[in-house]
Amino acid sequence: LARLRPGGLDAQRLVEALDELVAGWRSRAPQIGVEAEFPVSLPALPPLAGLALYRTAQEALTNVLRHSVASRVRVSLRQVDRAVELTICDNGIGSGADAAMRARGGLTGMRERAEMAGGRCWLDDAPGGGLQVRLSLPLAWVLRSRAVAIFYLAAIAVWSLDQMDAGDHGMTAR
């Protein structure tokens, strides 16, 4: 399963992976102008958040190519207040209402990944026409998930020390 995931989607590598994704789409679909706006840095992200952001961008760009008849698409990632937001906006023939009614595999997967990462994904009409896909992941969840991980690591360390103090070094007599 790990081979199906892009490697290392922490905050720094996520921006690099998105840059590579956009570059691939520019060469794969030169008829569509692809604009990208990514920050120089992002706050630390847990793996589920990085994966949700990357896969949402990947699926949304695939849908632009397959369904939108767009001549332009814009991909942006930014920190807004206490959230990280990804927006993919095209000038094609789709609308938020139509896409929401016909949501199947790819769009459903984007929503499920967003929810698994503590956020939400939704579709809107793009300003000036077309479709806009938005994913928002609250930084509070990102910080909370890191705090939970630290808590569990600390609990394991304390338990291990207690076991050592009790004379149990993981060996049992047979």
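Residues numbered from 1 in each chain as written. Predicted model: local features only at pLDDT ≥ 70, side-chain atom pairs only at ≥ 80, totals over all residues. Heavy atoms only, no water.

(A) Looking closely at helix α4 (residues 105-116). The terminal C-alpha atoms of α4, which comprises twelve residues, lie 16 Å apart, in line with the 16 Å expected from a rise of 1.5 Å per residue. Within the span of α4, buried status applies to Leu107, Gly109, Met110 and Ala114. Projected onto a plane normal to the axis of α4, the buried residues spread over an arc of 160° and lie on a single side. Seen from the buried face of α4, the exposed residues on the opposite side, beyond 90 degrees, are Gly105, Glu115 and Met116. Note on α4: the residue one or two positions beyond its end, glycine 118, has a positive phi of about 85°. (Helix = DSSP H or I, 4+ residues; strand = E, 2+ residues; numbered from the N terminus. Expected span 1.5 Å × (residues − 1). Buried < 20%, exposed > 50% of the residue type's maximum accessible area, 1.4 Å probe, protein only. Arc of directions from axis to C-beta.)

(B) Structural detail: the packing of helix α2 (residues 47-68) against α4. Interaxial distance between α2 and α4 falls to 9 Å at its minimum, and their mutual angle equals 165°. Relative to α4, the element α2 lies roughly antiparallel. Of the two possible hands of crossing, α2 and α4 adopt the one that is left-handed. Note on element contacts: α4 touches α2 through Gly106, Leu107, Met110, Arg113, Ala114 and Met116, opposite Leu48, Leu51, Ala52, Arg55, Thr56, Glu59, Ala60 and Asn63. Grouping the amino acids of the contact of α2 with α4 by side-chain chemistry returns eight nonpolar, three polar and three charged. (Axes fitted to C-alpha atoms, helices over the stretch in contact; angles between N-to-C directions. Parallel < 35°, antiparallel > 145°, perpendicular 65-115°, else oblique. Left-handed = near helix turned anticlockwise from the far one by under 90°. Contact = heavy atoms within 4.5 Å. Nonpolar A, V, L, I, M, F, W, Y, C, P; charged D, E, K, R; others polar.)

(C) Examining the environment of arginine 111 more closely. Following the sequence through the fold, arginine 111 ends up in helix α4. Take arginine 111: its relative accessible area is 27%, and that puts it in the partly exposed class. The sequence separation of arginine 111 and leucine 135 amounts to 24 residues, and the corresponding C-alpha distance is 8.4 Å.

(D) A look at the nonpolar core. Counting residues in each nonpolar core, the largest one holds 41 residues, and the members touching the most others are Leu14, Leu18, Leu53, Leu77, Leu86, Val133 and Leu135. Elements with a minimum of two residues in this core: α1 (11-28), α2, β2 (72-80), β3 (83-90), α4, β4 (120-125) and β5 (131-138). Per element, the largest residue contribution to this core is nine residues, and it comes from α2. Contacts of leucine 86, omitting those with residues within four sequence positions, involve Leu53, Thr56, Ala57, Val75, Ser76, Leu77, Val133, Arg134 and Leu135. (Core = buried A, V, L, I, M, F, W, Y, C linked by side-chain atoms within 4.5 Å.)

(E) Structural detail: the packing of aromatic side chains. Considering all chains together, one arrives at zero aromatic pairs under this definition. One Lys or Arg, arginine 120, reaches over the ring of tryptophan 122 and ends 3.8 Å from the middle of that ring. (Phe/Tyr/Trp six-rings, centres within 6.5 Å; stacked < 30°, edge-to-face > 60°. Lys NZ or Arg CZ within 6 Å of the ring centre and 35° of its normal.)

(F) Seen up close, the pairing of β3. Counting buried positions over the eight residues of β3 gives eight, a clear majority of the element. Side-chain alternation along β3 places Ala83, Glu85, Thr87 and Cys89 on one buried face and Val84, Leu86, Ile88 and Asp90 on a second face that is also buried. When β2 meets β3, the two strands line up antiparallel, connected through eight bridges. When the sheet's bridge partners are listed, leucine 77 is paired in β3 with leucine 86. With antiparallel pairing between neighbouring strands as the criterion, β2 and β3 make up a hairpin whose turn holds two residues, including aspartate 81 at a positive phi of roughly 50°. Both β3 and β5 contribute to a ladder of seven bridges, which runs antiparallel. Looking at β5, one finds that alanine 83 is bridged to proline 138. (Pairing = 2+ DSSP bridges.)

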